[in-house]
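Residue-level listing of the chains:
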Amino acid sequence: MSDALLAVENLTTTFAVGPQPVVAVNAVSFEIGRGETLGLVGESGSGKSVTAFSIIGLVPPPGRITGGRVWFQGRDLLALPADDLLHVRGAGIGFVFQEPMAALNPVMRVGDHIGEALRVHGLATRREARDRAVDLLRAVRIVDPERRVDDYPHQLSGGMRQRVMLAIALACRPPLVIADEPTTALDVTVQAQVLELLREMQRASGISLLLITHDLGVIAETADRVAIMYAGRIVEQGPVRAIFRNPAHPCTRGLLGLDARRRRGHPPAGHRRRGAEPGPAAAGLFVRAALPRAHAPVRSRVSPGGHGGCRPRRPLLPPPRVGNGRLEPARGAHLMPLVEVRGLVKHFTRGGSLFRAGTVVRAVDGVSFDIEEGETFALVGESGSGKSTTGRCMLRLVEPTAGEVRFRGDDVLAFGAARMRAARRDMQMVFQDPYSSLNPRMRARTIVEEPLVIHRIGSTGERRDRVAELFRLVGLDPAHLDRYPHEFSGGQRQRIGLARALALNPSFVLADEPVSALDVSVQAQVINLLMDLQVQLKLTYLFIAHDLRLVRHIAGRVAVMYLGRIVEMGETARIFEDPRHPYTRALLSAVPATDPDAPRSRIELDPATIDRHTPCAPSRTDTWRRFDGIQNSECRIQKRRAGGRDAGRKQKGKRQKAGRRQKAEGRTQSAPSSARPLLCAFLPCAFCLVPSEF
């Protein structure tokens, strides 16, 4: 390609693990033209991320680039000195990392992250860098950038952190951006917004994009060309339409077949549901292998000059008899609710002081549902809707503000510390972010063994055998037990988290986005594993997810959360075939299509279209206001505007003017004004923040 901005020639990267090296990237070659988007697709562990790190010289030890060339703007990056390569990163090639929470420094503010890139390359002073950071946050559509620029990463939702990563990558206006799984852990609505944002910025600035992902729908909507990686090699590449319509390699055909089946709502492998729709799904004609081959890509140790090979994967457990996401009960058995949630509320307070009420964010506001024993109950919604907070409140990882959570009839919220610890043997959680939930200083063996040690279960030898058994159960090699979390891929770290959750043989597992970081074939394997274990161990699942395609076949019932409340709940088939709430319809319309030529008809959610019976709860960028003294005393949400203090003063003036007008008309019915400031200092919720409807 004559106008290639980036040309990779026979790139090879090996890791010195054990007596023989492991070849993670084997003679990879591709080109990216100016203004072009190349999608790099493959299974977890196929070498996609290592390829990206090799391009910019950030291969973690014990990895080493052993061959090839990387031409960028006429220079071989692999031959550049370290100082020159430092100037290429950021100014020449921007990078969006896979896990923003792990990539962002937790003790640095958002503005400092963006400003650091500008100051390192001498493009701005400290004051100019802050102004530029605000402009970039506004460009990536973060609400109220003047305030968010001073926030820390943990104060942002997953989607907002990913937008911050985009702002950092674009800060120095690089001609090439490498995006490593930029939408992996995002819900479908935020994913659609991020993809549209990438397209807009590409059109505006003409940047080139290397998009690494396992979601073929993202590739179909975004990329011009696609390259398929398998076992460290690129096995097929070409224009998106040509590859999607006529795939030549078995790996490509397998990925496309799995993705298309999943988007139609069919199980990924070997499961038959009671009441399934007619056709292949009802006939149970699903193979358990993720790809149409007898061997799966498992990296092997080879001699120098060799390549990563394959070996047979251990077969998964026999297919369970699952119907509509619920275990088949024994004849005459009565399904009693295992978990009961009633009026669960969790409020967070921002700011405030003795004489000033803080801003209350209603993360969870009156959530109620039941989960029957042996059932898979799904909780879906966009980022910031309160799904994860609901789950954490149920396990008391976050103390709820109000409500009841009953497990086998006992009120979990009334348990003391000792009883709660004992109860957690039956209630375990698979966390959303495997990297941040795994201790980076502990080996995988210690991480999985830790619950057994805490609860004093088994001897040292028995615990060692149990950990090895759990590793095999989740599809990992027990030979890797002594590795640290950073030595595993994202999908492998998620499996370690699953093994840790299953160590105590719980009866209830709360799975918070358990497959969000996995490619479609590995997702199929993990979902198969979850469903198998449900039958074998008689597990009950609360499945928190944003991927509606997976929820459709794994769950028996679905609850849709929007701004802290459940807006729709019912049987899975009814929710997907006849969605009644506008937010549910918007979620379903945001799912990307695998067909590059499919029409894009997304429903943009307009709050004005939601009737007054829709739960009124703010997102994390909203401010609660209660208009006491007004006859129509409803809870109202006032969006923070980007205008800063001037906009706030303008809104305050309008409220004061409206209050004076209503007082003149004799409609005031609030408490005496002289008593309110002192009361509000101690009882802000009672007078200012809690609407009468709640």
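Remember, it's a predicted structure, so these values are computed and weren't measured experimentally.

### Quick notes on the overall build of the protein chain
Step number 1: Of the regular secondary structure elements, the protein chain holds 25 helices and 26 strands.
Step number 2: Split into buried and exposed, the 694 residues of the protein chain put 52% on the buried side.
Step number 3: Considering only residue pairs separated by 6 or more positions, the protein chain has 70% of its internal contacts joining residues 24 or more positions apart.
Step number 4: When the accessible surface of the protein chain is totalled, it reaches about 30700 Å², and 51% of it is carbon and sulfur.

### Brief notes about unusual backbone geometry
Step number 1: The omega angle of the peptide bond from P61 to P62 is 10°, so this bond is cis rather than trans.
Step number 2: Relative to the elements of secondary structure, P62 occurs in the loop between α1 (48–55) and β4 (63–72).
Step number 3: One non-glycine residue with positive phi stands out, namely A27, at about 55°.
Step number 4: As for its position among the elements, A27 is in strand β2 (residues 22–33).
Step number 5: A relative accessible area of 34% means that A27 is categorised as partly exposed.
Step number 6: At L563, a position not held by glycine, the phi torsion is positive, near 55°.
Step number 7: With respect to the element layout, L563 can be found in the loop between β23 (557–562) and β24 (565–571).

### Observations concerning the sheet that holds β4
Step number 1: Pairing in this open sheet of four strands is antiparallel, and the strands run β2-β1-β4-β5 from one edge to the other. At either margin of the open sheet sits one strand with a lone partner, and together these are β2 and β5 (75–76).
Step number 2: Pairing analysis gives eight bridges linking strand β1 (residues 4–15) to β4, with the strands arranged antiparallel. Looking at the pairing, T12 lines up with G67 of β4.
Step number 3: In this fold α1 packs onto β1, β2 and β4, with an angle of close to 115° to the strand it touches most, β1.

### Thoughts on the environment of L166
Step number 1: Assignment of secondary structure puts L166 in helix α7 (residues 158–170).
Step number 2: On the basis of relative accessibility, which here comes to 2%, the residue L166 falls in the buried class.
Step number 3: A sequence separation of 70 residues divides L166 from V96, and the C-alpha atoms of the two residues are 6.2 Å apart.
Step number 4: Residues within four places of L166 in sequence aside, it is in contact with V96, V140, V194, L197 and L198.

### Details of the sheet that holds strand β18 (residues 402–407)
Strands belonging to one sheet form pairs held by backbone hydrogen bonds; the direction of such a pair is parallel or antiparallel.
Step number 1: What the four strands build is an open sheet, ordered β16-β15-β18-β19; its pairing is antiparallel. Lying at the two open borders of the sheet, with one neighbouring strand each, are β16 (359–372) and β19 (410–411).
Step number 2: Sheet analysis places strand β15 (residues 337–350) next to β18, joined by five bridges and oriented antiparallel. In the strand pairing of β18, V341 is matched with V405.
Step number 3: Along the sheet face, helix α13 (residues 387–394) touches β15, β16 and β18 and points at about 115° away from the line of β15.

### Here's the deal with the pattern of salt bridges
Step number 1: Tallied over the full model, the rule gives 22 salt bridges.
Step number 2: The salt bridge partner of R565 is D365, with a shortest N-O separation of 3.7 Å. Of this pair, R565 sits in strand β24 while D365 sits in strand β16, and the two are 200 residues apart along the sequence.
Step number 3: The partner of R445 in a salt bridge is D482, and the shortest N-O contact between them spans 3.3 Å. Here R445 is found in helix α16 (residues 444–454), whereas its partner D482 is found in the loop between α17 (460–473) and α18 (490–502), with 37 residues between them in sequence.
Step number 4: Residue classification places D482 among the partly exposed positions, given a relative accessible area of 43%.

### Examining the nonpolar core
Step number 1: Within the largest apolar cluster, 54 residues are counted, with the highest numbers of intra-cluster contacts made by I114, L137, V164, I219, V226 and F244.
Step number 2: If you look at the next biggest cluster of nonpolar residues, it comprises 53 residues, including L470, A501, L502 and L530.

### Some remarks on α1
The α-helix advances 3.6 residues per turn, and as a result positions three or four apart in sequence lie on the same side.
Step number 1: Summarising burial for α1: six of the eight residues are buried, a large majority.
Step number 2: For α1, the set of buried residues is K48, V50, T51, A52, S54 and I55.
Step number 3: Looking at the residues trailing α1, positive phi occurs at G57, about 70°.

### Concerning α13
Step number 1: Among the eight residues in α13, six count as buried, and that is most of the element.
Step number 2: Within α13, the full set of buried residues consists of K387, T389, T390, G391, C393 and M394.
Step number 3: Looking one or two residues beyond α13, the residue adopting positive phi is R396, at roughly 60°.

### As for the confidence of the model for the protein chain
Any segment with low pLDDT has predicted coordinates that should not be analysed in fine detail.
Step number 1: Of all residues in the protein chain, 72% attain a pLDDT of 70 or more, and the chain-wide mean is 75.
Step number 2: Contacts of residues 260–334 to residues separated by more than four positions or lying in other chains number 175 contacts, the stretch itself having pLDDT below 50.
Step number 3: Long-range and interchain partners of residues 611–648, a stretch whose pLDDT sits below 50, account for 99 contacts in this model, where long-range means more than four residues apart.

### Some points on the packing of aromatic side chains
Step number 1: The full count for this structure, using the stated rule, is six aromatic pairs.
Step number 2: Relative to F95, the ring of F53 lies with its centre 5.5 Å away and its plane at 10°, an arrangement referred to as stacked. With F53 in helix α1 and F95 in strand β6 (residues 93–96), the pair connects residues that are 42 residues apart, well separated along the chain.
Step number 3: For F95, a relative accessible area of 9% gives the class buried.
Step number 4: An angle of 50° between the planes, with centres 6.4 Å apart, marks the rings of F407 and F508 as tilted. With a gap of 101 residues between them, F407 in strand β18 and F508 in strand β21 (residues 508–512) connect regions that are remote in the sequence. Summarising the burial analysis for this pair, F407 and F508 share the class buried.

### Things to note about the pairing of β24
Step number 1: Looking at chain direction, β23 and β24 are connected through six bridges and run antiparallel. Counted as the bridge partner of Y562 is R565 from β24.
Step number 2: Linkage of β23 to β24, two consecutive antiparallel strands, is achieved through a turn of two residues, within which L563 is found at a positive phi near 55°.

Rules used throughout
- Residues numbered from 1 in each chain as written.
- Predicted model: local features only at pLDDT ≥ 70, side-chain atom pairs only at ≥ 80, totals over all residues.
- Heavy atoms only, no water.
- Helix = DSSP H or I, 4+ residues; strand = E, 2+ residues; numbered from the N terminus.
- Buried < 20%, exposed > 50% of the residue type's maximum accessible area, 1.4 Å probe, protein only.
- Contact = heavy atoms within 4.5 Å.
- Areas by Shrake-Rupley, 256 points an atom, 1.4 Å probe, with all protein chains shown as cover.
- Pairing = 2+ DSSP bridges.
- Axes fitted to C-alpha atoms, helices over the stretch in contact; angles between N-to-C directions.
- Salt bridge = Lys/Arg side-chain N within 4 Å of Asp/Glu carboxyl O.
- Core = buried A, V, L, I, M, F, W, Y, C linked by side-chain atoms within 4.5 Å.
- pLDDT = per-residue confidence, 0-100.
- Phe/Tyr/Trp six-rings, centres within 6.5 Å; stacked < 30°, edge-to-face > 60°.

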